[in-house]
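Spelled out from the first residue to the last, the chains are:
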Amino acid sequence: MRLLERMRKEWFLIGIVLAIAGAKLEPSIGVNGGPLKPEITVSYIAVATIFFNSGLSLNTEELTSALVHIKLHLFIQIFTLAFFPAAVWLFLQLLSITPINEWLLKGLQTVGCMPPPVSSAVILTKAVGGNEAAAIFNSAFGSFLGIVVTPLLLLLFLGSSSSVPFTSIFSQLFMTVVVPLIIGQIVRRYIKDWLERKQPPFGAVSSSVLLMIIYTTFCDTFSNPSIDLDKFSLLLVLFIICSIQLSFMLLTFIFSTRNNSGFTPADTVAVMFCSTHKSLTLGIPMLKIVFAGHEYLSLISVPLLIYHPVQILLGSVLVPTIKSWMVSRQKGVKLMRPTV
């Protein structure tokens, strides 16, 4: 069983490399409007598949118990939509004296204002074996909250204002997140015995969908004209983004593993991914709406286009390490429990 798991991880990493290479060689296939139609297959079908898959595989009792974990939800949402953008704003005050393009810096601020994604954090939490129910709840709730909060944060930090079509965005989230999850839970009630007996490869399905998301995301990245910026600026932005992600993952890890935090190791995994991941699916449409007609919209979008694939790649690379830590910590907790 361990050999199969190891082989699956290795093939997944190979799949990531092939997905990126394929996107680099021919980005027109997976770009919006291309043959794969990612504006439909990814934005709707892939996301819906992920949450239908989660609805099938997730015990109803676990999802119900996750709803009442108020402290965990508050930590994730406050970190994502309050601490994250404020910390990035402070950091950018220091970077403003550097020769980095000011619109790229504004783009970094927009990244901080974005809500969590509705897919990658859930998939990576599931891959580690963390609290998937908490990840699903916070990804969905954070996305709905972001519909209102993100435009307000953009207005606060960047001074842009515009009317946002809350109804259409809310409807898309409801149809691609809530409905598939509920349908998956309903179907699970009727085939629960079969699922427990056959144990379908839910992880493989999620990994395959994630590879598709990686591919189409990099297609957008490589086909975007703004990527023709000078290599120094792009490398600097890439370094800053990696530093922000790793620093915030470490920060959430430290806070959530304190003795008085009340979080389990599985909770910590959900916290690390849900608190630091940002949504490209929701982010790009919001930027196009809030900065409609802005001459530097493409430059502002670059950091988010870079942040999304980086968060998936970093998360995928760190999955084995985080999983080893979680398993060892859970074993330690079991050994510390007094025997009756």
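Residues numbered from 1 in each chain as written. Predicted model: local features only at pLDDT ≥ 70, side-chain atom pairs only at ≥ 80, totals over all residues. Heavy atoms only, no water.

Engineer: What should I look at first to understand the overall build of the chain in this one?
Structural biologist: Each helix and strand in the chain was counted, giving 13 helices and 0 strands. When the helices and strands of the chain are listed from N to C terminus, the series reads α-α-α-α-α-α-α-α-α-α-α-α-α. Evaluated residue by residue, the chain yields a buried proportion of 50% over its 340 residues. Restricting the contact set of the chain to residue pairs at least 6 apart, pairs at least 24 apart contribute 84%. Summed over all atoms, the accessible surface of the chain reaches about 16,600 Å², with 69% contributed by carbon and sulfur. (Helix = DSSP H or I, 4+ residues; strand = E, 2+ residues; numbered from the N terminus. Buried < 20%, exposed > 50% of the residue type's maximum accessible area, 1.4 Å probe, protein only. Contact = heavy atoms within 4.5 Å. Areas by Shrake-Rupley, 256 points an atom, 1.4 Å probe, with all protein chains shown as cover.)

Engineer: Quick question: what am I supposed to make of the nonpolar core here?
Structural biologist: Soluble, globular proteins show a tendency: their nonpolar side chains are buried together. Ranked by internal contacts, the top residues of the largest apolar core, which has 42 residues, are Phe51, Val128, Phe273 and Ile322. For this core, the element with the highest residue contribution is helix α11 (residues 265-276), accounting for 7 residues. Among the nonpolar cores identified, the runner-up in size contains 36 residues, and Val88, Leu92, Ile284 and Leu287 belong to it. (Core = buried A, V, L, I, M, F, W, Y, C linked by side-chain atoms within 4.5 Å.)

Engineer: Can you help me understand the packing of aromatic side chains in this one?
Structural biologist: Aromatic ring pairs are reported here in terms of the distance separating the ring centres and the angle at which the planes meet. Tallied over the full model, the rule gives 8 aromatic pairs. An angle of 85° between the planes, with centres 5.6 Å apart, marks the rings of Phe79 and Phe248 as edge-to-face. Remark: Phe248 occurs in helix α10 (residues 231-256) and Phe79 occurs in helix α4 (residues 70-95); sequence separation between them is 169 residues. Among the residues examined, Phe79 registers a relative accessible area of 5% and is labelled buried. With a relative accessible area of 10%, Phe248 lands in the buried category. Between Phe83 and Phe248 the ring centres are 5.9 Å apart and the planes differ by 55°, which places this aromatic pair in the tilted class. In this pair, Phe83 sits in helix α4 while Phe248 sits in helix α10, placing the two residues 165 residues apart along the sequence. Ring pairing ties together the aromatic residues Phe75, Phe79, Phe83, Phe84, Phe248 and Phe263, which thus form one cluster. The ring of Phe263 has Lys71 sitting right over it, with the charged end atom 5.8 Å from the ring centre. Taking NZ or CZ as reference, Lys278 lies 4.3 Å from the ring centre of Phe84, over its face. (Phe/Tyr/Trp six-rings, centres within 6.5 Å; stacked < 30°, edge-to-face > 60°. Lys NZ or Arg CZ within 6 Å of the ring centre and 35° of its normal.)

Engineer: How should I be thinking about the confidence of the model for the chain in this particular structure?
Structural biologist: Detail in the predicted coordinates should be disregarded across regions flagged by low pLDDT. Residue-level pLDDT values for the chain average 80, and 81% of them are 70 or greater. Long-range and interchain partners of residues 1-5, a stretch whose pLDDT sits below 50, account for 1 contact in this model, where long-range means more than four residues apart. (pLDDT = per-residue confidence, 0-100.)

Engineer: What exactly am I supposed to notice about the packing of helix α6 (residues 120-128) against helix α7 (residues 132-158) here?
Structural biologist: Contact pair α6 / α7: the axes reach a minimum separation of 9 Å and the direction vectors enclose 175°. Judged by the angle between their axes, α6 and α7 are roughly antiparallel. The segment α6 lies against α7, with Ala121, Val122, Thr125 and Lys126 engaging Glu132, Ala135, Ile136 and Ser139. Here the residues of the contact of α6 with α7 sort into 4 nonpolar, 2 polar and 2 charged. (Axes fitted to C-alpha atoms, helices over the stretch in contact; angles between N-to-C directions. Parallel < 35°, antiparallel > 145°, perpendicular 65-115°, else oblique. Nonpolar A, V, L, I, M, F, W, Y, C, P; charged D, E, K, R; others polar.)

Engineer: What am I meant to see in the UniProt feature "transmembrane region" (unreviewed entry) in the chain here?
Structural biologist: In the numbering adopted here, UniProt assigns the feature "transmembrane region" (unreviewed entry) to residues 41-60, 72-92, 135-158, 170-191, 203-222, 234-255 and 296-319. The distance from the first to the last C-alpha atom of residues 72-92 is 28 Å, and the span holds 100% helix and 0% strand. For residues 234-255, the end-to-end C-alpha separation is 31 Å, with 100% helix and 0% strand making up the annotated structure. (UniProt positions renumbered as here; feature names shortened; annotations may be inferred.)

Engineer: I keep staring at unusual backbone geometry and nothing clicks. Help me out?
Structural biologist: Although it is not a glycine, Lys37 sits at a positive phi angle of roughly 50°. Structurally, Lys37 can be placed in the loop between α1 (2-25) and α2 (38-57). Residue Lys37 is classed as partly exposed on the basis of its relative accessible area of 38%.

Engineer: I tried to follow the environment of Met286 on my own but got confused; where do I start?
Structural biologist: Looking at the secondary structure, you find Met286 in helix α12 (residues 280-290). Put simply, Met286 and Met114 are 172 residues apart on the chain and 9.1 Å apart in space, counted from C-alpha to C-alpha.

Engineer: Is there a simple way to explain the pattern of salt bridges in this structure?
Structural biologist: Opposite charge on two side chains makes pairing possible when the charged atoms of those side chains draw close. Throughout the structure, instances matching the rule amount to 1 salt bridge. Among the salt bridges present, the one from Glu132 reaches Lys126, with a minimum N-O distance of 3.6 Å. (Salt bridge = Lys/Arg side-chain N within 4 Å of Asp/Glu carboxyl O.)

Engineer: Explain the packing of α4 against α7 here, please?
Structural biologist: When two helices pack together, you describe them by how their axes are tilted relative to each other and by the distance separating the axes. Contact geometry for α4 and α7: axes closest at 10 Å, N-to-C directions at 30°. One way to sum up the angle between α4 and α7 is to call them roughly parallel. Crossing of α4 against α7: the hand is right-handed. Listed contacts from α7 to Leu72, His73, Ile76, Gln77, Leu81, Pro85, Ala86 and Trp89 of α4 are Ala134, Phe137, Asn138, Phe141, Gly142, Leu145, Val149, Leu153 and Phe157. A class-by-class count of the residues in the contact of α4 with α7 yields 13 nonpolar, 4 polar and no charged. (Left-handed = near helix turned anticlockwise from the far one by under 90°.)

Engineer: What exactly am I supposed to notice about α2 here?
Structural biologist: Every α-helical turn comprises 3.6 residues, leaving residues that sit three or four positions apart pointing alike. The axis of α2 is deflected most strongly, by about 25°, at Ile45. The buried fraction of α2 is high, at 14 of 20 residues. (Bend = angle between axes of the 7 residues up to and from the residue.)

Engineer: Looking at this structure, I do not really get the environment of Leu195. What am I missing?
Structural biologist: Its place among the elements puts Leu195 in helix α8 (residues 166-198). Separated by 138 residues in the primary sequence, Leu195 and Ser57 have C-alpha atoms spaced 8.1 Å apart. Other than its neighbours up to four places away in sequence, Leu195 contacts Leu56, Arg188, Pro200 and Phe202.

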